[in-house]
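Observations on chain architecture
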Amino acid sequence: MAVLAVIAFAIGLVLAERLYRVFEVQLSGLILRVITTSGVFVAGERETVYFGLSGDTPLGLRMTPECSSAFMLLPLLLVTAVMLYFRPGNAKRLFFSLAISAAVVILVNQMRVLAIVGLVNWLGVDEGYYWGHTLLGSMVSVLGGAVALVLFVWLGTRKPRAAREAA
């Protein structure tokens, strides 16, 4: 039953991917409002967060499907389903591992957005966007995804504390 629930969640995430991107852009707007005073506006219906509104070079970042963390979550969900199938008695640990790793993936994607914003503010729109999105943003996503996957496997496969202490 848990395997089917995880697979259903993965399918739901794919089907509701646009709504998920709206969530991500709303989260980006919330974070940016806390850390910047240059003006932030979120256009959820366009999956876009605008920043730098009080400056000379305002910019909008649109959360496209390939920039969303939704598709970075899918491997975690599928690995969880496979591991649940082979180790159903480990369900509690696997769901905990999935929750922690999913949070890491979501936070990493937010760090990517913040990196773009920071570099645009520092280097200007053209260079800042190029370096922030293409280079640094991609590195942050790849490394963050790798860390999330390693964390998932480590948390999901290690022995319970009592078994580790008894050994």
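Refer to the structure printed above.
Residues numbered from 1 in each chain as written. Predicted model: local features only at pLDDT ≥ 70, side-chain atom pairs only at ≥ 80, totals over all residues. Heavy atoms only, no water.

**Quick notes on the nonpolar core**
Grouped together as the largest cluster of nonpolar side chains are 21 residues, with contacts concentrated most on L13, Y20, L73, L76, L77, L84 and F152. Taken together, the elements giving at least two residues each to this core come down to α1 (2–15), α3 (70–86), α4 (91–123) and α5 (125–157). Considering each element in turn, this core owes the most residues, eight residues, to α3. Setting aside its immediate chain neighbours within four residues, L13 contacts Y20, A70, L73, L74 and L77. (Core = buried A, V, L, I, M, F, W, Y, C linked by side-chain atoms within 4.5 Å. Buried < 20%, exposed > 50% of the residue type's maximum accessible area, 1.4 Å probe, protein only. Helix = DSSP H or I, 4+ residues; strand = E, 2+ residues; numbered from the N terminus. Contact = heavy atoms within 4.5 Å.)

**Description of the sheet that holds strand β3 (residues 59–62)**
The strand order β1-β2-β3 describes an open sheet built from three strands, whose pairing is antiparallel. Only two strands of the sheet have a single neighbouring strand rather than two, namely β1 (40–43) and β3. Pairs of neighbouring strands in the sheet enclose a mean axial angle of 20°, with direction left out of account. Examined bridge by bridge, strand β2 (residues 48–51) and β3 share four bridges and lie antiparallel to one another. By the bridge assignment, F51 is partnered in β3 with L59. (Pairing = 2+ DSSP bridges. Axes fitted to C-alpha atoms, helices over the stretch in contact; angles between N-to-C directions.)

**Structural notes on α1**
Helix length check: α1 (14 residues) gives 20 Å between terminal C-alpha atoms against 20 Å at 1.5 Å per residue, within 8%. Residues V3, V6, A10 and L13 constitute the buried set of α1. Buried residues of α1, seen end-on, are gathered within an arc of 90° and therefore sit on one face of the element. Facing away from the buried side of α1 by more than 90 degrees, the exposed set consists of L4 and L15. Looking at the buried residues of α1, the elements they touch are α2 (17–35), α3 and α4. (Expected span 1.5 Å × (residues − 1). Arc of directions from axis to C-beta.)

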